[in-house]
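Letter by letter, the chains look like this.
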Amino acid sequence: MKKIYIRTFGCQMNVRDSEALLGLFLEKGYAQAESEKDADVILLNTCSVRAHAEHRVHSILGSYKKLSAISRQPSAKKNKKAESLPKVRLKAESCKIIGLIGCMAKNVGEEVAKRFAHVDLIVAPSRLHKIPEYVQRIVDQRPKTKDQRPGLRIIDLEDGTREETFYSAEYRQDKSHAQVVISTGCANNCAYCVVPFVRGALRLRAPQDIIAEVKRNVAMGRTRITLLGQNVNDYNFIEAEQSGTKRGYTRNHPTSHVLRPTSFVDLLKMVEAIDGVEEIEFLTPHPKNTTRELFKLMAKSKKIKKYLHLPFQAGSDRILKLMNRGYTKKEYLELVKDYKEITGGTIGTDIIVGFPTETDEDFAHTKEILEKAQFMGAYIFKYSLRPHTQALKLKDDVPAAVKEKRHAILLDLQKKISAIEADKR
Ligand code: SF4
């Protein structure tokens, strides 16, 4: 029996993607390997949000070279020009299939292909549903002997809508909890963020597919549900009638016979109404279109957890504008105040320190939000310049030492606040 090993980096979206993919392979008769050594197929499901996440994967890919025998064309040694020819990919049948998938594949896939001849498969996030088919094709076309043509390599960096079958497998890591993707990609263009490039445009799954997946999981005893989207508030599914196609359109479809759209709050109510669902969470709302209507539903609901993860990223209105976040410090703090008053719940956040041109005064605004909002917890990151982002044109001018200092100040402050908040519960 062939064995597969999927190593996951980054966010909950990647965790769910790896789980869905593993489920598809298990249904094809594969077994889950304990480690790379034990596997026939190794897939790295990667993250590109910060540079060091990619550097780590580069060194792992380097270490995989010994796991798959690659030999040069005998003649290559003789003349210089031949030296620059790409290495011949002559992978013996027994060699492992190595794949780089997810955000890093889309971000630097071509580069990886040139640098690591032993990587057989490079697939972008929107095309993960194709991987079982691609692996089978690579297995089928593995060279049996040295004089046969080189093994197949597949690079698929297309953007597009995933096939619904990607979410069909029953396998889940957790017996009582299921993460359910409601949308892929993102329609926001936060200046520092590579997600819109690597995961593509916002694409919504149809409400009936999401509800069916939740019901399948409840039937298997998974009564805790987490709904996943880059910005769940952007969920607004429209069933268009006139165009003759019933599904899969985003919110600005120019048709005159639009049925009532299904908003995120509508979708939450539909999940809440499912018998057997005991607890509902969602990740991640965006402050620019988080509504009081959502808070009122959370307050009324016996199933929706009274916890909100609401990234504010920075406190200065000038920096928020440069980040293209779409709200001000005042609006954010009012949202937090209303959330706490309406739901009595707890809140967490994400912060970036050291965004280009951030001054001490800007940083003071960030610190003030932390003091006023009293978060249960906060993920605090140092700004990392990313390709394919708006911020690329801004000079990364905040010195590393200053980023380090501001990062430490916020970590220390948040630690004290988290302790106080935990004592209140
Ligand atoms: S909302 Fe902004 S930060 Fe979040 S994934 Fe989209 S572009 Fe990135």
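What you are looking at is a predicted structure, and each value in this text was computed from that prediction instead of being measured.

Parameters at a glance
- Position labels on residues start from 1 in each chain and follow its written sequence.
- Only residues with pLDDT of at least 70 are given local features in this predicted model, and only at 80 or more are side-chain atom pairs given and counted; all residues enter the totals for whole chains, interfaces and linings.
- Excluding hydrogens and water, the side-chain values take into account all heavy atoms of the structure.
- Buried Ala, Val, Leu, Ile, Met, Phe, Trp, Tyr and Cys residues form a nonpolar core when they are joined through side-chain atoms within 4.5 Å.
- Each residue is assigned to one of three classes by its accessible area relative to the maximum for its type, calculated with a 1.4 Å probe on protein chains only: buried under 20%, partly exposed between the two thresholds, exposed over 50%.
- We call two residues contacting when some pair of their heavy atoms lies within 4.5 Å.
- Strands here mean DSSP runs of E at least two residues long; helices mean DSSP runs of H or I at least four residues long; both are numbered from the N terminus.
- Strand pairing is assigned whenever DSSP detects at least two bridges linking the two strands.
- Note on definitions: salt bridges are taken to be side-chain nitrogens of Lys or Arg within 4 Å of carboxyl oxygens of Asp or Glu.
- It suffices for a single heavy atom of a residue to lie within 4 Å of a molecule or strand for the residue to be listed as near it.
- Residues are grouped as follows: Ala, Val, Leu, Ile, Met, Phe, Trp, Tyr, Cys and Pro are nonpolar; Asp, Glu, Lys and Arg are charged; every other residue, Gly included, is polar.
- Structural elements are reduced to axes, namely lines fitted to C-alpha atoms, with helices fitted over the stretch in contact, and the angle between N-to-C directions of any two is expressed from 0 to 180 degrees.

A. Focus on the nonpolar core. Counting residues in each nonpolar core, the largest one holds 62 residues, and the members touching the most others are Leu227, Phe264, Leu268, Phe282 and Tyr332. Apart from residues lying up to four places away in sequence, leucine 268 is in contact with Leu227, Ile280, Phe282, Leu294, Leu297 and Ile304. Formed by 27 residues, the second largest nonpolar core is a distinct cluster that contains Ile97, Leu121, Ile154 and Ala169.

B. Representation of the pairing of strand β13 (residues 279-283). Here β13 shows a clear split, with Ile280 and Phe282 buried on one side and none of Glu279, Glu281 and Leu283 buried on the other. Pairing analysis gives five bridges linking strand β10 (residues 224-228) to β13, with the strands arranged parallel. Its bridge partner lying in β13, threonine 226 is registered against glutamate 281.

C. Summary view of the pattern of salt bridges. Taken as a whole, this structure holds 31 salt bridges when the rule is applied. Across the pair aspartate 38 and lysine 3 runs a salt bridge, and its minimum N-O distance is 3.3 Å. Within this pair, whereas aspartate 38 is found in the loop between β2 (31-32) and β3 (41-46), its partner lysine 3 is found in strand β1 (residues 3-8), the two being separated by 35 residues in sequence. The partly exposed category is assigned to lysine 3, whose relative accessible area is 28%. Two residues, arginine 406 and glutamate 358, come together in a salt bridge whose shortest N-O distance is 2.8 Å. In this pair, arginine 406 sits in helix α13 (residues 400-424) while glutamate 358 sits in the loop between β15 (346-353) and α12 (360-373), placing the two residues 48 residues apart along the sequence. Here the residues in one salt-bridge network are Arg16, Glu19, Glu164, Arg172, Arg205 and Glu213, joined through shared partners.

D. View of the site of the ligand. Residues in close proximity to the ligand include Cys186, Asn188, Cys190, Tyr192, Cys193, Val195, Pro196, Gln230, His286 and Arg325, which together make up its full environment. Of the residues belonging to the shell around the ligand, the class tally is six nonpolar, three polar and one charged.

E. Geometry of the environment of methionine 376. Locating methionine 376 in the fold gives a position in the loop between α12 and β16 (377-382). Once the C-alpha coordinates of methionine 376 and histidine 309 are considered, the two residues, 67 residues apart in sequence, prove to be 9.5 Å apart. With near-sequence residues (within four places) excluded, methionine 376 lies in contact with Tyr307, Thr346, Ile347, Gln414, Ser418, Glu421, Ala422 and Arg425.

F. Up close: the sheet that holds β10. The strand order β7-β10-β13 describes an open sheet built from three strands, whose pairing is parallel. Here the strands that pair on one side only, and so sit at the sheet edges, are β7 (177-181) and β13. Ignoring which end each strand starts from, the neighbouring axes of this sheet average 20° apart. Where β7 and β10 come together, five bridges link them in parallel fashion. Note on β10: the bridge partner recorded for valine 181 is leucine 228. Seen against the sheet, helix α1 (residues 12-26) touches β7, β10 and β13 and runs at an angle of roughly 100° to β7. The strands that helix α8 (residues 264-272) touches are β10 and β13; relative to β13, the one it contacts most, it runs at about 155°.

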